[in-house]
There are 4 protein chains.
Amino acid sequence: MKKILVSVIGGHKCDEKTAEVAEKVGKIIAEEGAVLVSGGLAGVMEAANRGAVSAGGLTVGIIPGNDKSEANEFVNIVITTGIGYARNTIVATGSDIVVALPGEYGTLSEIGFALSLKKKVYGLGSWEMPEVIKLESPEELREVISGLK
Amino acid sequence: MKKILVSVIGGHKCDEKTAEVAEKVGKIIAEEGAVLVSGGLAGVMEAANRGAVSAGGLTVGIIPGNDKSEANEFVNIVITTGIGYARNTIVATGSDIVVALPGEYGTLSEIGFALSLKKKVYGLGSWEMPEVIKLESPEELREVISGLK
Amino acid sequence: MKKILVSVIGGHKCDEKTAEVAEKVGKIIAEEGAVLVSGGLAGVMEAANRGAVSAGGLTVGIIPGNDKSEANEFVNIVITTGIGYARNTIVATGSDIVVALPGEYGTLSEIGFALSLKKKVYGLGSWEMPEVIKLESPEELREVISGLK
Amino acid sequence: MKKILVSVIGGHKCDEKTAEVAEKVGKIIAEEGAVLVSGGLAGVMEAANRGAVSAGGLTVGIIPGNDKSEANEFVNIVITTGIGYARNTIVATGSDIVVALPGEYGTLSEIGFALSLKKKVYGLGSWEMPEVIKLESPEELREVISGLK
């Protein structure tokens, strides 16, 4: 009854190539029946949410502020936290696994936070750390998510 | 595309009568097409979640710890926060409106927190405060939720 | 070596009479050798901090934002949290005891939060709750603080 | 009236050489009249606090739990947050600057978090990042802290 949750983290700005990867990641998460959790704003988050929604998936956005309209339009369930960027800690550890795409220091904080709580982090072109599991393509996520069921 | 979110708050222990009201509240939230948000544990939270799920609804549980198995079995989407009872602030302000059932000081903190952020709180036998809107029965929630669409 | 910490909570606006009580509370906390913790902003917080500083005491302000200049001028140690009003949970439970003066729903949330964690709350004209210990005058705090040493 | 605050971050376990550096850092912070903020537990945090206290300084520990006895014995002001490792976000951004010593992923999360909020981070053998300002020795902190006054 409890659904599998997959967090997607990455920059709130991103180039087109990264957006394509993010959208593909979102699509795969949805196709595998998992819920996509993110920080709910723009860039990687929005692209991933768009991908998930295009495949009929469900998306949760955990946003910094108190106004749900700040979330991108592809977030189905907007959790307004009001705790600012400390919401990164919840995005990073609130789900079953984390998929990291390119991002800046906010993304780094999320990777650090997830790893410090022994959460598995899968990297697609993001910060490279010894314990980040590097993926060659989004397709590899299918097996990872299947393994969580 | 963004769903209506309704938080249900109340004690982690409750008597049978309160559980019945909570279950009814959950059922109505689901029937009105809204997502039920709660603290994800026992008592009022569990009864409300059971009601929502029995009516085919979707439930989000924002839990204090890092272990998703702590959530009750009727939570579909478990957000593990790891921030302890500070998660009350997110349950109280993370959704569109709050429905308050009987509870102790944790519930009081949520009511205070919601009201301090101008979130509307509907009371069903909970702490009475000047700005808590008292309902006579769960049925009255239908109109309230309809008004949010 | 660990100092006694006393949180003072109350409205960010207050009338003159309340400000006088708050200032007296701050002075007594300082005279008894304890550190005054508050939300660091205006009203009751500022008056209490002014009282503590006037008596040579030390004050900690746990503020919602990231800019330390938002704290009132009588805060010695400004902790910028960036977590918004969720910082109420830290003001309410981060110290040894809580002294509650008149305030609105933010103050109520702090009282509820403190009581839910079994923290002792002493009331001076604030929200009346069964487990809030009502004081007749700030002077009674001397004995309370002495008892913590 | 507002004091300069310096956060010291690093592992909750550390080797003797790192402890010596941390102690020296704490001593310098105290000698420069700043308050030392840390996560309040063991390892780097404890060594830095010991250094600061040995030089007559003041130390603040922002700890994960609700029990102040969990803080190391060199913390003067223990803020019990109850928010678990999300308190890292407050240690990282609650003060004027951050000094990073060797640590694991918790330390990395703090560096990422501080940098994402444009807080200056000074590194002494810690994670190397483009925007971490590398110091050769703790002595260099004197000038940095002086520049904040």
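Residues numbered from 1 in each chain as written. Chains lettered and ligands numbered in written order. Predicted model: local features only at pLDDT ≥ 70, side-chain atom pairs only at ≥ 80, totals over all residues. Heavy atoms only, no water.

1. Focus: the overall build of chain A
Counting its regular elements, chain A contains 5 helices and 7 strands. Scanning chain A from its N terminus toward the C terminus, one meets helices and strands in the order β-α-β-α-β-β-α-β-α-β-β-α. Relative to its length of 149 residues, chain A is compact, with a C-alpha radius of gyration of 13 Å against a globular reference of 15 Å. Projected onto the principal axes, the alpha-carbon positions of chain A cover approximately 35 × 35 × 30 Å. Here chain A holds 149 residues, and the buried ones make up 64% of them. (Helix = DSSP H or I, 4+ residues; strand = E, 2+ residues; numbered from the N terminus. Rg over C-alpha atoms; globule rule 2.2 N^0.38 Å. Buried < 20%, exposed > 50% of the residue type's maximum accessible area, 1.4 Å probe, protein only.)

2. A look at the sheet that holds strand β7 (residues 133-134) of chain D
By way of backbone hydrogen bonds, the strands of a sheet pair with one another, either parallel or antiparallel. Spatial strand order, β4-β3-β2-β1-β5-β6-β7 (chain D): 7 strands in an open sheet with parallel pairing. Where the open sheet ends on each side, the last strands, each with one partner, are β4 (77-80) and β7 of chain D. (Pairing = 2+ DSSP bridges.)

3. Focus: the environment of E73(C)
Topologically, E73(C) is positioned in the loop between β3 (59-63) and β4 (77-80). On the basis of relative accessibility, which here comes to 51%, the residue E73(C) falls in the exposed class. Residues E73(C) and G40(C), spaced 33 residues apart in sequence, show a C-alpha to C-alpha distance of 9.0 Å. The contacts of E73(C), once residues within four sequence positions are left out, are M1(D) and K2(D). (Contact = heavy atoms within 4.5 Å.)

4. Section: the relation of the copies chain A and chain B
Each copy superposes on the other: chain A lies on chain B with an RMSD of 0.0 Å after a rotation of 180 degrees and an axial shift of 0.0 Å. Such a turn and shift between the copies fits a two-fold axis. In terms of C-alpha distance to the rotation axis, chain A has V60(A) as its closest residue, with the C-alpha 4.9 Å off the axis. A high fraction, 100%, of the interface residues of chain A reappear at the interface in chain B, so the copies pair face to face through one surface. (Least-squares fit on C-alpha atoms with pLDDT ≥ 70 in both.)

5. Points about the interface of chain A and chain B
At the interface, 31 residues of chain A touch 31 residues of chain B. Carbon and sulfur atoms supply 60% of the area that chain A and chain B bury against each other, a total of about 2,500 Å² over both sides. When residues of chain A are sorted by the area they lose upon contact with chain B, M1(A), K2(A) and K68(A) head the list and together hold 25% of the total. In this structure, the connection of chain A to chain B is made through 2 salt bridges. (Buried area = accessible area lost by both parts, 1.4 Å probe. Salt bridge = Lys/Arg side-chain N within 4 Å of Asp/Glu carboxyl O.)

6. Overview of the nonpolar core
Counting residues in hydrophobic clusters, the biggest one holds 101 residues, and the most contacted among them are I77(A), M129(A), I77(B), I77(C), I77(D) and M129(D). When near neighbours in sequence (up to four residues on either side) are disregarded, I77(B) contacts K3(A), L5(A), V35(A), L58(A), V60(A), I77(A), L58(B), T59(B), V60(B) and G61(B). (Core = buried A, V, L, I, M, F, W, Y, C linked by side-chain atoms within 4.5 Å.)

7. Focus on empty space enclosed by the protein
In the structure shown here, the tally under the stated rule is 6 cavities of 30 Å³ or more. Volume-wise, the largest cavity comes out at about 110 Å³. In terms of lining, the largest cavity is formed by I83(A), A86(A), T89(A), I83(B), A86(B), I83(C), A86(C), T89(C), I83(D), A86(D) and T89(D). Of the residues in the lining of the largest cavity, the class split is 8 nonpolar, 3 polar and no charged. (1 Å grid on protein atoms, 1.4 Å probe; cavity = no way out; pocket = protein on both sides within 12 Å on 5 of 7 lines; lining within 4 Å. Points joined across faces, edges and corners; volume = space filled by probe spheres on them. Nonpolar A, V, L, I, M, F, W, Y, C, P; charged D, E, K, R; others polar.)

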